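Topology and contacts: notes
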Amino acid sequence: MLRSTRSLAQRTARSFSSTATVFTHPTKPLDPAPLPSAASTAPPPPQPNASAASGPSTHFGFKDVPEALKESMVKGVFSSVATSYDVMNDAMSLGIHRLWKDHYVKKMDPHGGMQCLDVAGGTGDIAIRLLDHAREKWADRETHVQVFDINPEMLEEGKKRFAKTMYHGGPQVSFTLGNAENLETIADNSLDLYTIAFGIRNCTHIDRVLKEAHRVLKPGGVFSCLEFSKVTNPVLAKAYELYSFNVIPELGHVLAADRDSYQYLIESIERFPPQAKFSKMIEEAGFTVPKQEPWEDLTFGIAAIHTGVKL
Ligand SMILES: C[S@@+](CC[C@H](N)C(=O)[O-])C[C@H]1O[C@@H](n2cnc3c(N)ncnc32)[C@H](O)[C@@H]1O
């Protein structure tokens, strides 16, 4: 197992230059239109009580909220979208999130009976792809994915989806309710691959999430994050900003009668650190980030894949 982990780490480090794929070049035909995916919505914010309000504050979209409340607000967001999450994801992104996720999993190339943890795994989009990839490419039925999420409703949707797959009732998937900032149920140095897709920006303390990822990975294990990021070309960035702030909340209003939720989506993307800063945070958590390509931009940088290896 360690051998296969090492090889993933080595391949990951090596492959950064070779996997600068079609997604990284704006003029290639597979570049989809610059639309966001991964719908998330905002519930009416809980009223701060006196003790929560007196503590440190953080952001929830563009709002400043007491740090102690953010977790429950984010939970509320995903409780309210859980049943429509997958449909909305496709509608909002015109299916582009599927291309990103396919590429993300292909890049990780899970196989060889790996122990994987998919944090903020939600409805299982990444977990299913990890297992399908291992089976289809490597005839591997040993790789295991633990889907880990803070929201019981999202996990429930994930279980329903898995119930329709060949993995249902088998040993390759498990589900855990918990906070990415505290993986207390998971032993040190126990995992080969840690994935988190469109989840980390919703966490209150990103540094704690990264530290925990580092703790649970084996030496040679790989951390991989797919998240919305910053469009690098200034002209496209302006167009994307106009689209995001004007069209997305309207779409949320029309499709889901929920303008506020989509406003939160856009704001939370805007607040997430740019590629270079996030890459530095990954390094500060103890990971080795490949020098040649510390991250990979997808579709002009609308999303990016960051990978780090625990050496
Ligand atoms: C936008 S969804 C992404 C779901 C899935 N990874 C995907 O790509 O389709 C974000 C997920 O992060 C989860 N989440 C938010 N904060 C979390 C936290 N602190 N710990 C664990 N999961 C969290 C939410 O419950 C939700 O299921």
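- By the naming in an unreviewed UniProt entry, the protein chain goes by 2-methoxy-6-polyprenyl-1,4-benzoquinol methylase, mitochondrial and is assigned to Leucosporidium creatinivorum.
- If you open the UniProt record of the protein chain and go to Subunit (unreviewed entry), you find "Component of a multi-subunit COQ enzyme complex, composed of at least COQ3, COQ4, COQ5, COQ6, COQ7 and COQ9."
- In its Subcellular location (unreviewed entry) section, UniProt records this for the protein chain: "Mitochondrion inner membrane".

1. Points about the pairing of strand 7 (residues 217–228)
- The buried count for strand 7 comes to 10 of 12 residues, which makes it a mostly enclosed element.
- With helix 8 (residues 206–216) bridging strand 6 (residues 191–197) and its parallel neighbour strand 7, the resulting β-α-β unit is right-handed.

2. A word on the site of the ligand
- Inspection of the region around the ligand gives 22 residues, with Ala120, Gly122, Asn151, Ala180 and Gly199 positioned closest.
- Elements with a contribution of two residues or more to the shell around the ligand: helix 3 (67–81) and helix 6 (125–138).
- Of the residues assigned to the shell around the ligand, the class counts are 12 nonpolar, seven polar and three charged.

3. Details of the pairing of strand 2 (residues 63–66)
- Strand direction decides the pairing type here: strand 1 (residues 57–60) and strand 2, joined by four bridges, are antiparallel. Bridging across to strand 2, serine 57 finds its partner in proline 66.
- Between strand 1 and strand 2, which pair antiparallel and follow one another directly, the connecting turn spans two residues, one of which, glycine 61, has a positive phi of 65 degrees.

4. With respect to unusual backbone geometry
- Phi at alanine 120 is positive, roughly 55 degrees, even though this residue is not glycine.
- Counting through the fold element by element, alanine 120 comes out in the loop between strand 3 (115–119) and helix 6.
- Accessibility expressed as a C-beta count within 10 Å gives 26 for alanine 120, which makes it buried.
- A positive phi angle, close to 65 degrees, is found at phenylalanine 300, a residue other than glycine.
- Take phenylalanine 300: it is sitting in the loop between strand 8 (295–298) and strand 9 (303–309).

Cut-offs used in this document
Residues numbered from 1 in each chain as written. Predicted model: local features only at pLDDT ≥ 70, side-chain atom pairs only at ≥ 80, totals over all residues. UniProt positions renumbered as here; feature names shortened; annotations may be inferred. Buried ≥ 20, exposed ≤ 12 C-beta atoms within 10 Å, placed from the backbone. Helix = DSSP H or I, 4+ residues; strand = E, 2+ residues; numbered from the N terminus. Right-handed = clockwise from strand over helix to strand, strands pointing away. Near = placed C-beta within 6 Å. Nonpolar A, V, L, I, M, F, W, Y, C, P; charged D, E, K, R; others polar. Pairing = 2+ DSSP bridges.

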